[in-house]
Amino acid sequence: DTAVSQTPKYLVTQMGNDKSIKCEQNLGHDTMYWYKQDSKKFLKIMFSYNNKELIINETVPNRFSPKSPDKAHLNLHINSLELGDSAVYFCASSQGRDRGTYEQYFGPGTRLTVT
Amino acid sequence: AQTVTQSQPEMSVQEAETVTLSCTYDTSESNYYLFWYKQPPSRQMILVIRQEAYKQQNATENRFSVNFQKAAKSFSLKISDSQLGDTAMYFCAFGAPVKGGSEKLVFGKGTKLTVNP
């Protein structure tokens, strides 16, 4: 019954590979997000989707591409992985501005390690 | 652009005592929310407390309360009767609307709180 789930929780891969992280929410929320938490624990938004439409794209390299097949899912695909991509990636969801309070519910995070 | 500053990278407190974590923010928005999130070693992000900017009354949730000073753009978190399970990173976050019906959380760099037995 997890509200926001992510798979996988851990991902170890080599430089140059392409990988995807999946996210699903069962809260009926309209908006979903990807955040990156670096090695110093700093959290920064990467993308936001509202009803499958890209809303926020924060100066993220083109190698990162979010995809939202429906409003309950937001996946993150990363091409040509680099060492600097190593981080914890969090998916989150919220009701959306018109209905919500900006309260965002986070998934458990995916620790990506690039070797 | 909004910024959130947490000036205390680390703090410690004895079990059962009270501790206050500081947070200041900068914004030109008038309609916004403020949050404190907790991240224990499990790395799960857990919402601790929320404050609407238009409300003057400070939010409280059991042992957690805030001191919201809108004019000073200050939003501190007080934890009373600290428990060992409160040991975690605490993040202050500012939530403001962006175009397209979305909103954006801007986080501070966090305060690592250790509760000692």
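Note: the structure precedes this text.
Description of the structure in this document. (Residues numbered from 1 in each chain as written. Chains lettered and ligands numbered in written order. Predicted model: local features only at pLDDT ≥ 70, side-chain atom pairs only at ≥ 80, totals over all residues. Heavy atoms only, no water.)

### What to know about the nonpolar core
All names here are of chain B. For clarity, the cut-off: Within this scheme, the nonpolar core is defined by two criteria: the residues are buried Ala, Val, Leu, Ile, Met, Phe, Trp, Tyr or Cys, and they are joined through side-chain atoms within 4.5 Å. Each residue's exposure class comes from its accessible area (1.4 Å probe, protein chains only) as a fraction of the maximum for that residue type: buried when under 20%, exposed when over 50%, partly exposed otherwise. A helix here means a DSSP run of H or I that spans at least four residues, while a strand means a run of E at least two residues long, and both kinds are numbered starting from the N terminus. Only heavy atoms enter the contact rule, under which two residues are in contact if any of them lie within 4.5 Å.
One finds Tyr25, Trp36, Phe75, Leu77 and Tyr90 to be the most contacted residues of the largest nonpolar core, which totals 27 residues. Of all the secondary-structure elements, those providing two or more residues to this core are strand E3 (19-21), strand E5 (33-39), strand E6 (46-52), strand E8 (64-69), strand E9 (74-79), strand E10 (88-98) and strand E12 (111-116). If one sorts the elements of this core by residue count, E10 sits on top with five residues. If sequence neighbours within four positions are ignored, phenylalanine 75 has contacts with Cys23, Tyr25, Leu34, Phe35, Trp36, Gln51, Val66, Asn67, Phe68 and Cys92.

### Notes on the state of the cysteines
What counts here: The disulfide criterion is simple: two cysteine sulfur atoms within 2.5 Å.
The final tally for this structure, using the stated rule, is two disulfides over all chains. Between the sulfur atoms of A:Cys23 and its disulfide mate A:Cys91 the distance is 1.8 Å. The S-S bond linking A:Cys23 to A:Cys91 shows a torsion near -75°; that makes this disulfide left-handed. Taken together, the residues span a long stretch of sequence, with A:Cys23 in strand E3 (residues 19-25) and A:Cys91 in strand E9 (residues 87-94) at a distance of 68 residues. By relative accessible area, which is 1% here, A:Cys23 ends up buried. The disulfide that involves B:Cys23 links it to B:Cys92, with 2.0 Å between the sulfurs. In this structure, the disulfide formed by B:Cys23 and B:Cys92 twists by about -70° around the S-S bond and is classed as left-handed. Of the two residues, B:Cys23 sits in the loop between E3 and strand E4 (24-26) while B:Cys92 sits in strand E10, which places them 69 residues apart along the sequence. An identical accessibility class is assigned to B:Cys23 and B:Cys92; each is buried.

### Some thoughts on the pairing of E8(B)
Residue and element names in this part refer to chain B. The condition is simple: One requirement defines pairing of two strands: DSSP has to find at least two bridges between them.
Direction of pairing for strand E7 (residues 60-61) relative to E8: antiparallel, over a ladder of two bridges. If you follow threonine 60 over to E8, its bridge partner there is serine 65. Remark: two residues form the turn of the hairpin made by E7 and E8, two consecutive strands paired antiparallel; asparagine 62 in that turn has positive phi of roughly 55°. As paired elements, E8 and E9 share six bridges and run antiparallel to each other. Each residue of the ladder has a partner; that of serine 65, found in E9, is lysine 78.

### With respect to the packing of aromatic side chains
What counts, and what does not: Planes of paired rings set the category: under 30 degrees apart is stacked, over 60 is edge-to-face and the rest tilted, where pairs are Phe, Tyr or Trp rings (Trp by its six-membered ring) whose centres lie within 6.5 Å. Two conditions define a charge sitting above a ring: the NZ of Lys or the CZ of Arg must be within 6 Å of the ring centre, and it must be within 35 degrees of the ring normal.
Applying the stated criterion across every chain, the model contains 16 aromatic pairs over all chains. Judged by centre distance (6.3 Å) and plane angle (35°), the ring pair of A:Phe64 and A:Tyr89 falls under tilted. Of this pair, A:Phe64 sits in strand E7 (residues 64-70) while A:Tyr89 sits in strand E9; the two residues are 25 residues apart in sequence, bridging distant segments of the chain. Aromatic ring contacts, followed pair by pair, group A:Tyr33, A:Tyr35, A:Phe90, A:Phe106, B:Tyr33, B:Phe35, B:Tyr37, B:Phe91 and B:Phe107 into a single cluster. Cation over ring: B:Arg43 sits above A:Tyr10, and NZ or CZ is 4.9 Å from the ring centre.

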